[in-house]
Amino acid sequence: LTVFKVNVLNDVDDVLDLASKVGYMTDKIYYDNDTETYVVHNSTHCFEYSRGYFRLWKIDRNELVKGFPPDNLLIERAKNFLYERSLLPEGNYQCTVGAFKTVDGEPVLKHVSFAININGLQVEGLGFSIIFNAEGEIVEVEGFTMSKIEALKTYPTKTVEEVVGELKEKISTGAPRWDWRI
């Protein structure tokens, strides 16, 4: 079992670089001390960044249109959006499509999510979601940015049989309960 540390973008220059990648003039960004968030907005879009998590969304959403382009087209648009901005997760990732918002049981917004896999395991919340309206337009982008992932320590694993055997031995020898760590 390996434990990893995820380092997020914390430097103001990294945040400004990220904002410029998604189309914002960086001289308009301000830092809100109360929420510890970088914010910039105009009449149609808003960008926020706080402790590795960012959101970019379109303010005016038309939620009346139903029906979406095929999922494979949404996936391709999402990949292109991230790739063009050097934000597509490197290496192994899991891509899923689903309803992001529904009205009367029908999706009005869909998401294409990219979750990072580390050592073959999907890490929830680490990656990006690209949100589309029914016309196939990107109306929101949110995700967790990172500068690097590093392995901190690897621990040996045991089989269930080994753990049960060790626990039985500790119980049979009268080891105090607080010493039942296996």
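This text goes with the structure placed above it.
Below is a short write-up of the structure. (Residues numbered from 1 in each chain as written. Predicted model: local features only at pLDDT ≥ 70, side-chain atom pairs only at ≥ 80, totals over all residues. Heavy atoms only, no water.)

## Observations concerning the overall build of the protein chain
Right, on to step 1. Regarding its fold elements, the protein chain presents 3 helices and 10 strands.
Right, on to step 2. Listed by position from the N terminus, the elements making up the protein chain come as β-α-β-β-β-β-α-β-β-β-β-β-α.
Right, on to step 3. In terms of overall dimensions, the protein chain is more spread out than a globule: its C-alpha atoms have a radius of gyration of 22 Å, far above the 16 Å expected for 182 residues.
Right, on to step 4. Evaluated residue by residue, the protein chain yields a buried proportion of 31% over its 182 residues.
Right, on to step 5. The long-range fraction of contacts in the protein chain, counting pairs at least 24 apart against all pairs at least 6 apart in sequence, stands at 51%.
Right, on to step 6. As displayed, the protein chain has an accessible area near 11500 Å², and 50% of this comes from carbon and sulfur atoms.
Right, on to step 7. If you average the places of the 20 positive and of the 28 negative side-chain charges in the protein chain, the two averages end up 5 Å apart. (Helix = DSSP H or I, 4+ residues; strand = E, 2+ residues; numbered from the N terminus. Rg over C-alpha atoms; globule rule 2.2 N^0.38 Å. Buried < 20%, exposed > 50% of the residue type's maximum accessible area, 1.4 Å probe, protein only. Contact = heavy atoms within 4.5 Å. Areas by Shrake-Rupley, 256 points an atom, 1.4 Å probe, with all protein chains shown as cover. Lys, Arg positive; Asp, Glu negative; His and termini not counted. Charge placed at Lys NZ, Arg CZ, Asp CG, Glu CD.)

## Topic: helix H1 (residues 12-21)
Right, on to step 1. Listed as buried for H1 are Val15, Leu18 and Ala19. Around the axis of H1, the buried residues are gathered within 100° of arc, so they sit on the same side.
Right, on to step 2. Of the surrounding elements, those touching the buried residues of H1 are strand S3 (37-41), strand S4 (45-50) and strand S5 (53-58).
Right, on to step 3. Directly after H1, the chain includes glycine 23, whose backbone phi takes a positive value near 100°. (Arc of directions from axis to C-beta.)

## Some details on helix H2 (residues 71-84)
Right, on to step 1. With 14 residues, H2 extends 20 Å between its outermost C-alpha atoms, agreeing within 8% with the 20 Å of an ideal straight helix rising 1.5 Å per residue.
Right, on to step 2. Among the residues of H2, Leu74, Ala78, Phe81 and Leu82 are the ones counted as buried. When H2 is viewed along its axis, its buried side chains cluster within an angular range of 90° and face the same direction. Exposed positions of H2 whose direction lies more than 90 degrees from the buried face are Asn72, Tyr83 and Glu84.
Right, on to step 3. In the core, the buried residues of H2 are packed alongside S5, strand S7 (106-118), strand S8 (121-133) and strand S9 (138-144).
Right, on to step 4. Where H2 ends, the next residue or the one after it, serine 86, has phi of about 55°, a positive value. (Expected span 1.5 Å × (residues − 1).)

## Here's the deal with the layout of surface pockets
Right, on to step 1. There is about 490 Å³ of room inside the largest pocket.
Right, on to step 2. If you go around the largest pocket, you meet 22 residues; those closest to its centre are Ser86, Leu87, Leu88, Glu90 and Met146.
Right, on to step 3. Breaking the lining of the largest pocket down by element, the ones donating at least two residues are H1, S7, S8 and strand S10 (148-154).
Right, on to step 4. Partitioned by chemical class, the residues of the lining of the largest pocket number 11 nonpolar, 6 polar and 5 charged.
Right, on to step 5. In this model, the second largest pocket occupies a volume close to 180 Å³.
Right, on to step 6. In terms of lining, the second largest pocket is formed by 15 residues, of which the most central are Ser113, Gly125, Gly127, Phe128 and Ser129.
Right, on to step 7. Mapped by element, the contributors of at least two residues to the lining of the second largest pocket are S7, S8 and S9.
Right, on to step 8. It is S8 that provides the largest number of residues to the lining of the second largest pocket, a total of 8 residues.
Right, on to step 9. Here the lining of the second largest pocket is built from residues that sort into 7 nonpolar, 6 polar and 2 charged. (1 Å grid on protein atoms, 1.4 Å probe; cavity = no way out; pocket = protein on both sides within 12 Å on 5 of 7 lines; lining within 4 Å. Points joined across faces, edges and corners; volume = space filled by probe spheres on them. Nonpolar A, V, L, I, M, F, W, Y, C, P; charged D, E, K, R; others polar.)

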